[in-house]
Amino acid sequence: MKGTRRQDALNDREIERCRRIWEVLNGGRICKIDLSEAKMHGSRTRFNETRNQVIVGADVVPGMSLDARSRMSEMACLAHELAHAERFKQGFDRPVEMPDKLRDEAEASLHASWYMPLNKNDRSCLVEDARDQLEAWLVENQE
Ligand SMILES: [Zn+2]
């Protein structure tokens with residue numbers, strides 16, 4: 001998860017909150033969640049293909065910036081990572097290079113925006129993030 005998000009380690013309550021969000025999203029149907037890095041300052045939330053796990057980091061908590069990626073809630077952030085996992089399970093080969101990586105990021109956010117448990121704000125934030133990623137792709141692709 002890029003963007004300007006929190007760096008401070010999660011406390012026990014916040015970790016438990018992530019565990020509950022994962023249950024609400026029914027993430028377990030796709031892959032496991034690893035909460036062991038969340039207590040490390042500056043750790044990153046990501047989907048790891050080799051381990052087939054969503055690893056929760058300090059940046060699962062939103063930051064202060066105004067862009068969608070920075071203000072996305074824990075629920076929207078975990079939905080985005082779950083979408084990466086689900087797309088991987090469906091056999092989607094993720095581009096790791098720029099600029100196509102941005103289109104994959106956009107698709108993951110759009111995919112996540114369909115998850116039923118999300119509220120209106122989370123859904124909008126994910127769609128907004130998809131738009132931002134596509135706009136960045138268009139800029140990169142012009143060069
Ligand atoms: Zn992503």
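These lines cover the structure that appears in this document, whether it is placed above or below. (Residues numbered from 1 in each chain as written. Predicted model: local features only at pLDDT ≥ 70, side-chain atom pairs only at ≥ 80, totals over all residues.)

**Some thoughts on the overall build of the protein**
Here comes step 1: The secondary structure content of the protein amounts to five helices and three strands.
Here comes step 2: When the helices and strands of the protein are read in sequence order from the N terminus, they spell out α-β-β-β-α-α-α-α.
Here comes step 3: For 143 residues, the compact-globule formula gives about 15 Å, and the C-alpha radius of gyration of the protein, at 14 Å, lands near that figure.
Here comes step 4: Dimensions of the protein, computed from the C-alpha atoms along their principal axes, are close to 45 × 35 × 30 Å. (Helix = DSSP H or I, 4+ residues; strand = E, 2+ residues; numbered from the N terminus. Rg over C-alpha atoms; globule rule 2.2 N^0.38 Å.)

**Considerations on the environment of G63**
Here comes step 1: Mapped onto the secondary structure, G63 falls in the loop between β3 (53-55) and α2 (68-71).
Here comes step 2: Among the residues examined, G63 registers 16 C-beta atoms within 10 Å and is labelled partly exposed.
Here comes step 3: Spatially, the C-alpha atom of G63 lies 5.1 Å from that of R6, the residues being 57 residues apart in sequence.
Here comes step 4: In contact with G63, not counting residues within four places along its chain, are G3, T4, R5, R6 and S70. (Buried ≥ 20, exposed ≤ 12 C-beta atoms within 10 Å, placed from the backbone. Contact = placed C-beta atoms within 7 Å.)

**Details of the nonpolar core**
One recurring pattern in soluble globular proteins is that nonpolar side chains are buried together.
Here comes step 1: Ranked by size, the top nonpolar core spans 34 residues in total, and within it V54, A76, L78, A79 and L82 carry the most contacts.
Here comes step 2: Among the elements of the structure, α1 (12-24), β3, α3 (74-89), α4 (100-112) and α5 (120-142) are those that each provide at least two residues to this core.
Here comes step 3: Counting residues per element, this core draws most heavily on α3, which supplies eight residues.
Here comes step 4: Ignoring sequence-local partners within four residues, the contact set of L82 consists of L25, G27, I30, V54 and A112. (Core = buried A, V, L, I, M, F, W, Y, C linked by C-beta atoms within 7 Å.)

**Observations concerning the packing of α3 against α5**
Here comes step 1: Axis separation between α3 and α5 bottoms out at 9 Å; the angle between their running directions is 50°. In this view, α3 runs oblique relative to α5, as classed from their interaxial angle. Handedness of the crossing formed by α3 with α5: right-handed. Of α5, the residues touching α3 (which contributes M75, A76, A79 and H80) are D122, C125 and L126.
Here comes step 2: The residue inventory of the contact of α3 with α5, partitioned by class, reads five nonpolar, one polar and one charged. (Axes fitted to C-alpha atoms, helices over the stretch in contact; angles between N-to-C directions. Parallel < 35°, antiparallel > 145°, perpendicular 65-115°, else oblique. Left-handed = near helix turned anticlockwise from the far one by under 90°. Nonpolar A, V, L, I, M, F, W, Y, C, P; charged D, E, K, R; others polar.)

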